[in-house]
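Fold and contact review
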Amino acid sequence: MPYINEEGGRLNNFAIEPKIYKAEAPSQAQQRNYLVLGAVATALIGGLMFVAFSVSNVS
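Since the structure is predicted, the reported quantities are computational estimates derived from the model, not experimental observations.

So, how was this worked out
- Residues numbered from 1 in each chain as written.
- Predicted model: local features only at pLDDT ≥ 70, side-chain atom pairs only at ≥ 80, totals over all residues.
- Heavy atoms only, no water.
- Helix = DSSP H or I, 4+ residues; strand = E, 2+ residues; numbered from the N terminus.
- pLDDT = per-residue confidence, 0-100.

Residue placement: Pro2 occurs in the segment before strand S1 (3-5). Between the alpha carbons of Pro2 and Ala39 there is a distance of 49 Å; along the sequence they are 37 residues apart.

Structure representation (structure tokens):
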């Protein structure tokens, strides 16, 4: 750990900073996968809501 002695003999401990990098735009395959996963998630939530309303006692 990188300790630094300050005035008066106090020790100060600094955190190690992570390496910084630029984010890259998703590729065409990743974009397609996101679209497919979004459609599957939407269908799942829609199906769960349909079942919930179907079995409820609301008339």
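What follows concerns the environment of Phe53. Examined against the element boundaries, Phe53 turns out to sit in helix H1 (residues 28-55). For the pair Phe53 and Gln28, spaced 25 residues apart in sequence, the C-alpha separation works out to 38 Å.

Across the protein chain, the average pLDDT comes to 88, with 95% of residues at 70 or higher. When pLDDT is averaged over each element of the protein chain, H1 comes out on top at 97 and S1 at the bottom at 75.

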